[in-house]
Amino acid sequence: MNKRFFWKVLSLVVVVVGLSVATTAFMMNRMTRNSGNNISTAEQPAVNPYARFASAAPALDTDFTVAAELSVHAVVHVKTKTKVEQVYSMDPFLEFFFGNPYGRGQQREAPVQEGAGSGVIISPDGFIVTNNHVVGDADEIEVTLNDNRTFTATVVGKDPNTDIALIKIKAEGLPTIPFGNSDELKVGEWVLAVGNPFNLTSTVTAGIVSAKARNINILNTEMKIESFIQTDAAVNPGNSGGALVNTRGELVGINTAIASRTGSFTGYSFAVPSSIVSKVVSDIREYGTVQRAVLGVAIQDITNELAKAEGLKTMQGAYVGNVMEGSSAEKAGVKRGDVIVNVNGIKVNTASELQEQIGRYRPGDTIFIEVLRDNTTKRLQVALQNRQGNTEIISTEAVADILGAKFKEIDQKTASKLGLSYGVQVESVGKGKFQQQGIRENYIILKINGAQIRKAEDIQKALDAAMNEEEEEGRVLFIAGVYPNGSVAHYAINLID
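Residues numbered from 1 in each chain as written. Predicted model: local features only at pLDDT ≥ 70, side-chain atom pairs only at ≥ 80, totals over all residues. Heavy atoms only, no water.

Asks: Got a minute to help me understand the overall build of the protein in this structure?
Replies: A tally of regular secondary structure across the protein gives 13 helices and 25 strands. Across the 497 residues in the protein, those meeting the buried criterion constitute 42%. Within the protein, contacts between residues at least 6 apart in sequence are counted, and of these 63% link residues at least 24 apart. Summing over all exposed atoms, the protein offers an accessible surface of approximately 27200 Å²; the carbon and sulfur share of this is 52%. (Helix = DSSP H or I, 4+ residues; strand = E, 2+ residues; numbered from the N terminus. Buried < 20%, exposed > 50% of the residue type's maximum accessible area, 1.4 Å probe, protein only. Contact = heavy atoms within 4.5 Å. Areas by Shrake-Rupley, 256 points an atom, 1.4 Å probe, with all protein chains shown as cover.)

Below, the structure written as structure tokens:
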């Protein structure tokens, strides 16, 4: 046999053997896949550490057409008009010689400030949720539905502490958005912002939940509750009061603010969670005002510096810096230095989360909280109180009973005679604080505790603010005004007598 022939035969054998091995491997691989778990544990390949993600539930569909269709018809355009009072006066010396060209106490026609925002219909009979800063002190509120029908709206109630307001129009059979559970929202979940930015009606934008329980310090009230849902859905001026909905078309928040240096959307927006909105709305509809329960503690987030200084072993929870005397917390046994970590089974990681949880309850409710004290968990039962240290329900009717008076707008003839550009007149006086202090009918209230009184709602605000003062010395109304005969009178009403 010559060498060339030998090498040809050997090459052919190698090829045949190689094909045989490959075919056998292929058939074994198919047999293994088709035969279930016939391979022994020792022969299984190494476990892929990322395999659990492959078996996770599939991501939600990013087709938002259903959610948009369910919500866009229940979001309205809110337009407001507010008269800006301006008094024009001259230097007294010049006025003495030359007179006032506008006449004594006269003023030019008050300019009108216009505003716009959004609202969400929550009942077929015309109740609409929006932001407090949208309706503000508006003299006129106009609501335009998605079908272009227009209505005049009235304010049912407002809550500056959460920036939520409830207004109403006279209509029936309106489309609504059902409340969803904002607690179930997860970071990374898709949401839609529905509103009327830049007066562009029925605008829908999409984004994800970027964070929860954000405190951005935009509310300027003593009992503010800031626990916003942060999203990257595009929100611009005019979106305020509009809906934040999940992919099922459920209301999970009311769009309220944006993080921006320009006034327009630059990446993040913030919404009041529906858990807070539903409680505020329920209180306003039932009592006319929000029933605010308080623990009576001064709280703060835990920082590295605080943890080192106080010897804390956790960075999660709300640190109690002080406990008010006679408060719900003191009666329950809460002490300075405690860290509140749970409210009724819901974990609390920050001060804003604690505010959100307590904000869901009313005076008289009983809750259970967990605190860390000396690195030991204690469970405490708390009977919640209001700022006055009791559990009484406060209603607008009850507030009116406190003063014992009814009010009306000052008539133009009297205003012109006295040179007044604002004020509210006492229509009648019955049993109550006004009668006790000798305030008579027709008295014109100009200021309470330094704030100008332009409408009856301003009296309500001043009364609420005074009643919510922590110190008893602050629960006083200092009233300045005048009677129609020009007699100036001042009164001081102690609200805790």
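Asks: How do you make sense of the sheet that holds strand β6 (residues 154-159) when you look at a structure like this?
Replies: Strands sit in the order β5-β4-β1-β2-β3-β7-β6 across an open sheet of 7 strands; the sheet is antiparallel. The open sheet is flanked by β5 (150-152) and β6, the only strands paired with a single partner. Put simply, the sheet's adjacent strands are angled 30 degrees from each other on average, direction ignored. Pairing of β6 with strand β7 (residues 164-168), which is carried by 5 bridges, proceeds in the antiparallel orientation. Note that in β7 the partner of Val155 across the bridge is Ile167. (Pairing = 2+ DSSP bridges. Axes fitted to C-alpha atoms, helices over the stretch in contact; angles between N-to-C directions.)

Asks: Sorry if this is basic, but what is going on with the nonpolar core here?
Replies: Within soluble globular proteins, side chains that are nonpolar tend to cluster in buried spots. Core analysis: the largest hydrophobic core is formed by 46 residues, its most contacted members being Val129, Val143, Leu145, Ile167, Ile169, Ile177 and Ala243. The contact partners of Val129, leaving out residues within four places of it in the chain, are Gly119, Val120, Ile122, Ile164, Ala165, Leu166, Gly241, Ile254, Val277 and Val281. (Core = buried A, V, L, I, M, F, W, Y, C linked by side-chain atoms within 4.5 Å.)

Asks: I would appreciate a short explanation of unusual backbone geometry in the present structure.
Replies: Leave glycine aside and you will find that most residues have negative phi; peptide bonds, for their part, are mostly trans. Its identity is not glycine, yet Asn148 carries a phi of approximately 75 degrees, on the positive side. Tracing the chain through its elements places Asn148 in the loop between β4 (140-144) and β5. Asn148 sits in the exposed class, given a relative accessible area of 63%. Its identity is not glycine, yet Asn199 carries a phi of approximately 65 degrees, on the positive side. Looking at where Asn199 falls in the secondary structure, it is placed in the loop between β8 (190-195) and β9 (203-214).

Asks: Sorry if this is basic, but what is going on with the pattern of salt bridges here?
Replies: Oppositely charged side chains may form a pair once their charged atoms are brought near each other. Under the criterion given, the structure shown has 10 salt bridges. With its nearest N and O atoms 3.6 Å apart, the salt bridge here joins Glu286 to Arg362. Taken together, the residues Glu286 in helix α6 (residues 274-287) and Arg362 in the loop between α9 (351-358) and β18 (366-373) connect sequence positions 76 residues apart. Across the pair Glu356 and Arg360 runs a salt bridge whose closest N-O atoms are separated by 3.1 Å. The two residues Glu356 and Arg360 agree in class, both being buried. Three or more residues joined by partner-sharing salt bridges are found here, namely Lys279, Asp283, Glu286 and Arg362. (Salt bridge = Lys/Arg side-chain N within 4 Å of Asp/Glu carboxyl O.)

Asks: Teacher, can you tell me more about the packing of aromatic side chains here?
Replies: Given two aromatic rings, one states the distance between the centres and the angle between the planes to describe the pair. Tallying each qualifying case throughout the model produces 5 aromatic pairs. Ring geometry for Phe407 and Phe434: centres 5.9 Å apart, planes at 80 degrees, overall edge-to-face. Taken together, the residues Phe407 in strand β20 (residues 405-409) and Phe434 in helix α12 (residues 433-437) connect sequence positions 27 residues apart. Owing to a relative accessible area of 22%, Phe407 belongs among the partly exposed residues under this scheme. In this structure Phe434 comes out as buried when scored by relative accessible area, which is 1%. Geometrically, the ring pair formed by Tyr443 and Tyr491 is edge-to-face, given 5.3 Å between the ring centres and 90 degrees between the ring planes. Remark: Tyr491 occurs in strand β25 (residues 488-494) and Tyr443 occurs in the loop between α12 and β22 (444-448); sequence separation between them is 48 residues. Of the two residues, Tyr443 and Tyr491, both sit in the buried class. Following the ring pairs from residue to residue traces out a cluster consisting of Tyr443, Tyr483 and Tyr491. (Phe/Tyr/Trp six-rings, centres within 6.5 Å; stacked < 30°, edge-to-face > 60°.)

Asks: Would you take a moment to explain the side chain of Glu353 for this structure?
Replies: Mapping Glu353 onto the fold places it in helix α9. Lys212 provides the closest opposite charge to the buried, salt-bridge-free Glu353, at an N-O distance of 7.7 Å. A polar side-chain atom of Glu353 sits 2.7 Å from the main-chain amide nitrogen of Asn349. When neighbours within four sequence positions are excluded, Glu353 is seen to be in contact with Ala213, Ser227, Lys347 and Val348. (Lys, Arg positive; Asp, Glu negative; His and termini not counted. Polar contact = N/O pair within 3.5 Å; in protein donor to acceptor, adjacent residues only side chain to side chain.)

Asks: Can you walk me through α6 in this structure?
Replies: Taking 1.5 Å of rise per residue, 14 residues should cover 20 Å, and α6 covers 19 Å from first to last C-alpha, within 8% of that figure. Along α6, the residues that are buried comprise Ser274, Ser275, Ile276, Val277, Lys279, Val280, Val281, Asp283, Ile284 and Tyr287. Gly288 occupies a position one or two residues after α6 and carries a positive phi of about 90 degrees. (Expected span 1.5 Å × (residues − 1).)

Asks: Help me understand the sheet that holds strand β12 (residues 251-259) in this model?
Replies: Across a sheet, paired strands are connected by hydrogen bonds in the backbone, their directions being either parallel or antiparallel. Pairing within the closed barrel is antiparallel, and its 6 strands lie in the order β8-β9-β10-β13-β12-β11. Within this sheet the neighbouring strands show an average axis-to-axis angle of 45 degrees, counted without direction. Pairing of β8 with β9, which is carried by 6 bridges, proceeds in the antiparallel orientation. Across the sheet, the residue bridging to Gly195 is Thr203, located in β9. The strands that helix α3 (residues 65-72) touches are β8, β9 and β11 (243-245); relative to β8, the one it contacts most, it runs at about 35 degrees. Across the sheet, α6 touches β12 and β13 (268-273), and the angle it forms with β13 is around 45 degrees.

Asks: Any chance you could explain the environment of Gln388 here in plain terms?
Replies: Summarising the element assignment, Gln388 is placed in the loop between β19 (376-383) and α10 (396-403). The sequence separation of Gln388 and Val294 amounts to 94 residues, and the corresponding C-alpha distance is 9.9 Å.

Asks: Help me understand the pairing of β8, please; the structure alone is not making it clear to me.
Replies: Consecutive side chains of a regular strand alternate in pointing toward one face of the sheet and then the other. Most of β8 is tucked away, with 5 of its 6 residues classed as buried. With 3 bridges connecting them, β8 and β11 associate as antiparallel partners. Each bridged residue has a counterpart across the sheet, and for Val194 the counterpart in β11 is Ala243.

Asks: Would you mind going over the side chain of Glu356 with me for this structure?
Replies: Mapped onto the fold, Glu356 is located in helix α9. Contact partners of Glu356, with chain neighbours within four places excluded, come to Asp183, Ile225, Ser227, Pro273, Ser275 and Ile276.

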